[in-house]
Amino acid sequence: MNIIPLFIVLPLTVAFIIPMISRKFIKLPDVLGNLTTLTLVFLSVSVIGKTGVYMIGGWKMPLGINMVIDGLSVLMLVTINVVAFASTLYSVDYMKMYTSKLRYYSLFLLMLTGMNGVVLTGDLFNLYVFLEIASIASYALVGFGCEYDELEAAFKYLVLGIVASSFILFGIAVIYGSVGSLNMAQISEVIKQRGMNNALLFAAALFLMGFGLKAALVPFHAWLPDAHSSAPAPISAMLSGVLIKTLGIYTIIRVVYNIFGISERLSLILMIMGTLSMVIGVLLALGQWDFKRLLAYHSISQVGYVILGIGLGTPLGILGGLFHLINHSVFKALLFLNAGSVEYATGTRQMEEMGGLSEKMPVTATTSLIASMSIAGIPPFNGFWSKLIIIAACIQAGHPVLALLAVIASILTLASFMKVQKYVFFEKLKEKWNDIREVPLLMCVAMVILSVLCVFMGLLLIPAAWNSFLNPAVQVVLEGTGYALRVLGQ
Amino acid sequence: MIGMTLIVKTIAQWIKSFIFLYGVYITLYGHLTPGGGFAGGVIMVCSFILLTLAFGKKKVLSKLSKALASELDSIGSLIFLAIATLGMSIGGVFFGNFIQKNIPGREFALLSAGMIPLCNIAIAIKVGSSLFMVFIILAVLRVVEKEGRLEMIQTEMREDE
Amino acid sequence: MIYALCLILFLIGLYGVLVKKNIIKIVIGLIIMDYAINLFLLLVGYKKNGIPPIISKGDDIAEFARNSVDPLPQALVLTSIVIGLGVIALMVAIAIRLYERNGTFDITKMRRLKG
């Protein structure tokens, strides 16, 4: 039980050691950063299947801040740390294009601290503090190379992010005023006894607006295409792969299911927002010719799938939503790393200028093909299983129109990625790309790790693996306000 | 002429020690009176800002260079994390107040409440040096007269870190 | 009542962010929004005829617990002010860099990322 604080202390300590002693050794930030993320991967795999509550400072609940590990936290922890390890491995060579590597690693580890803290905490204001740490580090990382495009994207992202955080703090203040406590378990107890009144409905609306802005749901999606396409490639992979899911979707699940308790109105709102995101995201992505901007619009669409699955409220829907969450983290991170490799080798992001790169860059082309087939939903890759479960859950819950819209969005995604593969990798090689070479070794290793995960994650649905990894997470979401009884009873 | 007039320079030289001492007082008594680490750190760095406004940037940077402020920043937060982890190994719980459990002090005395004054000092060092670096880095633009209209130029953009 | 005035201050800040075209005015709008939320959080802990939450020597503890205002929102507001400081410093630094590249503070001239 004592390793729970290690998830937060370890990246924070290394993030502050790196600027101090790295003036003498040039390679030290790379080594320290990669060692930290590798250690975190091992730590997070070792807590699979355990649950517990840890009280900071020895203060009993509900006086103190506590940290809770349950099935949902373990799922998010493993995803965050695996994608972070692949990103740091990739950025050893990629960040040679930018100026200052040691500040990059410090900010990256601070962002990782914030994300680990958000999934581990059991107190509402502590959630806000860790959310702000992760957000501020990501604002600085988006505008890292100080070219013109990145500064404008960072400014737009900053303004919308601060407005979102203000809404969340307003919601926390309203809840404290009407309930009198900040502990998530105790708030849920009090709401179950008293019932919802107008102040709590106002707080729920504010939370949905604030966390929806962080998760880039429609109509709050305006910052995502600029920010995710102007950031450096490993940061785009982290942002689109894990940040919008931890700060947006995980917090919506905790607040809607475990604190307020799911009701008809909330479920309907989540389903409508999910369907709108799904359809509008893929329609806007059809006309894009910039590789990373196209991937960013597809992120909006896939997040819509996840929210649709979670908003249904049935066990099958929640399983589909959570499984699609971890699948999307892996293959979207892989797609962004591929886009970064193409930019590293050719120097451009416009798809019309590329062509036939598969002869010169075999590793990038193969992994990109695997990731495209995953996102489009072709068997036997992992995207197919999760989309099938979501569509089946829609039909089972009695919404055949939504299932039809999900199938149409999936077909349009397939069309869009066939366009990407054709224009970037499979035509004739143009003259000016005759002397490019494959990207360096560590970047290839990172991409191969993620693509192996893509191929084998469909196996998570076998009952033996399902019981230990996915099923506890689904049970935590289904028990809803039973979360309070479990946490307070310890 | 760099900086302000002679009157401002003389008064700033007399007052800077009192402001710094006031910041130290608010930090050390943080467990008894309002204030604590953050407010004390901000007041401590206000004395440096007063000197910068009165004398100019070069004079102050010769007393407290950017490299030293960056080191103090990291050291402050590492001390805070070290205290928290010591709580885990000695006291058994992360952030546990291990000094208060073993050596309790009298109430309302200066040396009481376990590790809270130590945490206050670490926070004051960190906040002070961070604010100092923010102020120095943002102070690179000056407005000068050029051909009859005002224009902003920048000075000393890329120094060593 | 008092809480409605906090909401009006929040809406004034939001108006500044949405309508104004100068970057500095957008920054000031965000600062006003931050202050409105901090004020609201402090006012939640107020008690009529309350005493400040500082114990001195020789005070009766039960009497103190009945009369003092709530100290927890004050600690929350301290944290929130520090977070706001960090974010505003970052935003002003980005605004200065944008001014160097463009020569103007007008946001209608910075619309290169489209589509």
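In this text, all values refer to a predicted model and were calculated from it rather than measured experimentally. (Residues numbered from 1 in each chain as written. Chains lettered and ligands numbered in written order. Predicted model: local features only at pLDDT ≥ 70, side-chain atom pairs only at ≥ 80, totals over all residues.)

1. Describing the overall build of chain B
Helix and strand counts for chain B come out as six helices and two strands. Along chain B, helices and strands appear, N-terminal first, in the series α-α-α-α-α-α-β-β. Across chain B, contacts joining residues at least 24 apart in sequence account for 60% of those joining residues at least 6 apart. (Helix = DSSP H or I, 4+ residues; strand = E, 2+ residues; numbered from the N terminus. Contact = placed C-beta atoms within 7 Å.)

2. Re helix H1 (residues 6–28) of chain B
Residues and elements named next belong to chain B. The end-to-end C-alpha separation of H1 is 34 Å, in line with the 33 Å expected for 23 residues at 1.5 Å each. At Ile15, H1 shows its maximal bend, which comes to roughly 35 degrees. Within H1, burial applies to Gly23, Ile26 and Thr27. Those residues of H1 that are buried are in contact with helix H2 (37–55) and helix H6 (116–138). (Expected span 1.5 Å × (residues − 1). Bend = angle between axes of the 7 residues up to and from the residue. Buried ≥ 20, exposed ≤ 12 C-beta atoms within 10 Å, placed from the backbone.)

3. Regarding the interface of chain B and chain A
Between chain B and chain A, the residue contacts involve 13 residues of the former and 11 residues of the latter. Partitioned by chemical class, the residues of the side of chain B that touches chain A number six nonpolar, six polar and one charged. (Nonpolar A, V, L, I, M, F, W, Y, C, P; charged D, E, K, R; others polar.)

4. Looking at the interface of chain C and chain A
Contact with chain C, which involves 24 residues of that partner, is made by 26 residues of chain A. Of all the secondary-structure elements, those providing two or more residues to the side of chain C that touches chain A are helix H2 (23–44) and helix H4 (72–102) of chain C. Counting residues per element, the side of chain C that touches chain A draws most heavily on H4 of chain C, at 12 residues. Classifying every residue of the side of chain C that touches chain A gives 17 nonpolar, three polar and four charged.

5. Section: the confidence of the model for chain C
Residues and elements named next belong to chain C. A residue-level look at chain C finds 98% of positions with pLDDT of 70 or above and a mean pLDDT of 87. Across chain C, H2 holds the top mean pLDDT of 93, while helix H3 (residues 61–67) sits lowest at 82. The complex prediction reports pTM at 0.92, with the ipTM value standing at 0.94. (pLDDT = per-residue confidence, 0-100.)

6. Brief notes about the packing of helix H5 (residues 124–142) of chain A against helix H6 (residues 148–179) of chain A
Residue and element names in this part refer to chain A. Contact geometry for H5 and H6: axes closest at 9 Å, N-to-C directions at 175 degrees. On the basis of their axis angle, the class for H5 and H6 is roughly antiparallel. Contact with H5, carried on its side by Leu124, Phe125, Tyr128, Glu132, Ser135, Tyr139 and Val142, involves Glu150, Ala153, Ala154, Tyr157, Leu158, Gly161, Ser165, Ile168, Leu169 and Ile172 of H6 and no other residues of that element. Residue composition of the contact of H5 with H6, by class: 12 nonpolar, three polar and two charged. (Axes fitted to C-alpha atoms, helices over the stretch in contact; angles between N-to-C directions. Parallel < 35°, antiparallel > 145°, perpendicular 65-115°, else oblique.)

7. Some thoughts on the environment of Leu10 of chain A
Residues and elements named next belong to chain A. Tracing the sequence through the fold places Leu10 in helix H1 (residues 6–21). You can call Leu10 buried: it has 20 C-beta atoms within 10 Å. The spacing of Leu10 and Val439 is 429 residues in sequence and 31 Å in space, taken between C-alpha atoms. Setting aside anything within four residues of it in sequence, one finds Leu10 in contact with Thr36, Thr39 and Leu40.

8. Considering the confidence of the model for chain B
All names here are of chain B. Summing up the model confidence of chain B, the mean pLDDT is 80 and the portion of residues at 70 or higher is 81%. Across chain B, H1 holds the top mean pLDDT of 92, while strand E2 (residues 149–154) sits lowest at 54. Note that pLDDT drops below 50 for residues 157–161; the model gives that stretch one contact with residues more than four away or on any other chain.

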